[in-house]
Amino acid sequence: MPEFNRRQFIAAGAGALAAASVMRAVPVSAAPFGSVDATLPAPPAFPPGIPLYQQRYQNWSKEIIRDAVWTCSPTTPDDVVTLANWAHANSYRLRPRGAMHGWTPLTIVNGENIERFMLVDTTVHLNGITVDPSTSTVTAGAGATIEAILQQLENNGLGWVSVPAPGVLTVAGSLAVDAHGAAIPADGETPVFGTTYGSLSNLVTSLTAVVWDGNAYALRTFERSDPEITPLLTHLGRAFLTSVTMQAGANTRMRCQSYTDIGWREMFGAAGASGRTFESYLARTGRVEAIWYPFTENPWLKVWSVSPVKPPESREVTGPYNYPFSDNLPEVASDLIGQLTAGNTFIAPAFGQVYYGTTVAGLAATGSSDIWGWAKDLQFYIKPSTLLLTEGGGAVITNRANVAQVIHEFTEWFAGRVAYYQSIGQYPINGPVEIRCCGMDDPADVVVESAGPPTISAMRPRPDHPEWDTAVWLNVLGVPGTPGMFAFYREMEQWMRSHYTGSWATFRPEWSKGWAFSAELPYQDPVVIDSTLPNTYREGVPTSENWDTARATFDALDPNRIYSNTFIDRLLP
C-alpha cells in the first residue's frame, strides 16, 4: 500500500478525520467485518463477540496513514486477553490504538506489511473512570482521555499539577511515551502532596496489563513496588495496558497571562540577564511556555500561576481550549499553508507574520490574554482541529540554574541557522519554536512504596547527577512535506546532542515527537537507533535498571512479540 503524500496533508482538512475517528466504535468510512466494502483478507478464526471492522489509520501529522487496517474494539479487559491469545495462535500482532495523537511509528510503520496486524481501539469501551477520594487516586481504563480523567478528579476536588496540552490523549498512550506538562516549582512554592512535576508516568501507583504467564497471555496487576513495573511505566508500545491507577493531589485554580510584546532576544536572554526574561517568569510562577513563530520578533509567552482567588483583571473561564483562533486559522493562513505544501517555501516569513498577527488579534478579540479558572481549563489548549505540524527536538536534562543558558544558546543557534538558510534562498523551517520546562520523575513524589522511576522516561533522574532536576523541552515545528525540513532537524538534533553534554547537561528524545533524523526522514538514523539512544539510558544509571533490563522485561512479559512492529523490533530488538 503506498505511503501518504505529505504534501496532501492539508487536503482532508486539519484534524477532521482525527475528530471523527476518536471515540467511535465503527467510525465513518469503516467497513464492518463481513461487509462487501472490506478489502483486506479476513482474520482467521477471529474471536466472536468483539466488534471488528476495517478502518483508516493516520497519525497526528498525517505523515503515517493507511487507508485500511483491521481494527477491533474490545469491551472488557478479558476481551484483550482473548485477543492476545488469538494473535499468538495466528501469528498476528496487536497494536493498541488510542487518540492517534503522535508522530513516532510506534503503532503503524509506513510501508509495513499489515496483513497480520490488528489495531485494538481502547477508546470505545475500555474508558471507564473511578475516583477514590479516600485515597486520592483515580483508576481509568486504557482508552480514557486525560481530559475526562481530570474532569472526574476535579469533580472530587483533585487534580494534577502538570499535564499535556491536548486533552484528547488517552491515558495508556500518554504513559507509553511519558507525556508531560510544563511546570516546575516556582521559587518558594510548596509542592502539592500527591502530584509530580515530572511525567504522568510518575503518578502511577499500579497498572494492569495483559502479559505472558508462561503458558498463555493473562491479566496481571503490577504494584508500584514491583520491580517489573518500572519499564511498563514508559514502554513505547511494547506492552498492552488495560487499566491504570494514578495518584492525585488537591486541585488548584490558576491564572494564565499571555504576552506578545517581548522581543525574543530579551525573552531568551542569558542566565541572570535583566528584563522580561523566560528565566524571571519561571522563577516567579514555575509555569511558562514560549511559542516563537518563524521570522517574527516577539514570541507568544504564556505564564501560568497558582491563583486561588480570581485577580480583578482576569476573565473567568469554565472550560478548556480558550484560544479558538489557534484552532481556526483565517483564510489567508490556509492559503499560505497551501502554498507551502506546494513547495513555495519562500513564503515562510509571510506565514510566520500571519500566524503572529492572528495570535495578537485573537487574544484581544476573545479576551484571552488574562484568564482564570480551574487548572485543567487553563492547561488544555490543543484540540484535534489545531494545525497539524510535524516536530523535531527533545529534552535537555540539566540543573534549574542552567535553564536560561540552555534556552539562550539554543535560540541563538537557531536564529543563526535560519538566517543562514534564508541568505541562500532556502526556508526549511516554517513552524514555530516551542519552549517549555518540567520537573523530573522524582521518586519522592510517589506516595506509595515504589521500585523506582520509569526506566526509559526522558525525565528519569540521573543518580550520578542529582543536581539535574529540570527537563527543558526545545521543539521546532514545520509543515509536512517542506523541502529540507528533515535535513534541518537532523542538523539541529546533532547540534543539541553534542552541545548539551558533559557535566552540565544531557540530551534525550521526546518519544512521541521526531528523532533519529536522516536527511530525508525521521526515525532512520541507524547510529542513533542502535547505539545513541540505548546508551542514553545506560549512562549514569545502575546496570540493574537501564535500557537493557527494560528490554529483558518486555521480552519476559511478551516473549512472542505480539506487541511490536518492524520499527519497535529495530528500536527494542
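About the thresholds
- Residues numbered from 1 in each chain as written.
- Predicted model: local features only at pLDDT ≥ 70, side-chain atom pairs only at ≥ 80, totals over all residues.
- Heavy atoms only, no water.
- Axes fitted to C-alpha atoms, helices over the stretch in contact; angles between N-to-C directions.
- Helix = DSSP H or I, 4+ residues; strand = E, 2+ residues; numbered from the N terminus.
- Parallel < 35°, antiparallel > 145°, perpendicular 65-115°, else oblique.
- Left-handed = near helix turned anticlockwise from the far one by under 90°.
- Contact = heavy atoms within 4.5 Å.
- Nonpolar A, V, L, I, M, F, W, Y, C, P; charged D, E, K, R; others polar.
- Pairing = 2+ DSSP bridges.
- Buried < 20%, exposed > 50% of the residue type's maximum accessible area, 1.4 Å probe, protein only.

### Considerations on the packing of helix α11 (residues 403-423) against helix α12 (residues 485-499)
Orientation of α11 relative to α12, taken along the N-to-C sense of each, is 150°, at an axis distance of 12 Å. For the element pair α11 / α12, the angle class is roughly antiparallel. Between α11 and α12 lies a crossing of right-handed hand. When α11 is examined against α12, the residues E409, F410, W413, F414, R417, V418 and Y421 are found in contact with a partner set consisting of F488, E491, M492, W495, M496 and H499. Among the residues making up the contact of α11 with α12, the classes are represented as nine nonpolar, one polar and three charged.

### Some remarks on the sheet that holds strand β17 (residues 370-374)
A sheet is described by the order of its strands in space; here nine strands give the open sequence β16-β17-β13-β15-β14-β19-β20-β18-β21, paired in mixed fashion. Where the open sheet ends on each side, the last strands, each with one partner, are β16 (315-316) and β21 (505-508). Relative to strand β15 (residues 300-306), strand β13 (residues 253-259) runs antiparallel, the two being bridged by six bridges. Bridging from a neighbouring strand, Y259 pairs with L301 of β15. Packing against the sheet, α12 makes contact with β18 (390-398), β20 (470-478) and β21, and its axis sits at approximately 5° to β18.

### Observations concerning the pairing of strand β11 (residues 241-247)
The buried fraction of β11 is high, at six of seven residues. Here strand β7 (residues 137-141) pairs with β11 via five bridges, running antiparallel. Note on β11: the bridge partner recorded for T139 is T245. In terms of strand pairing, strand β9 (residues 204-212) meets β11 through five bridges, oriented antiparallel. Within β11, the position partnered with L207 by the bridge is V244.

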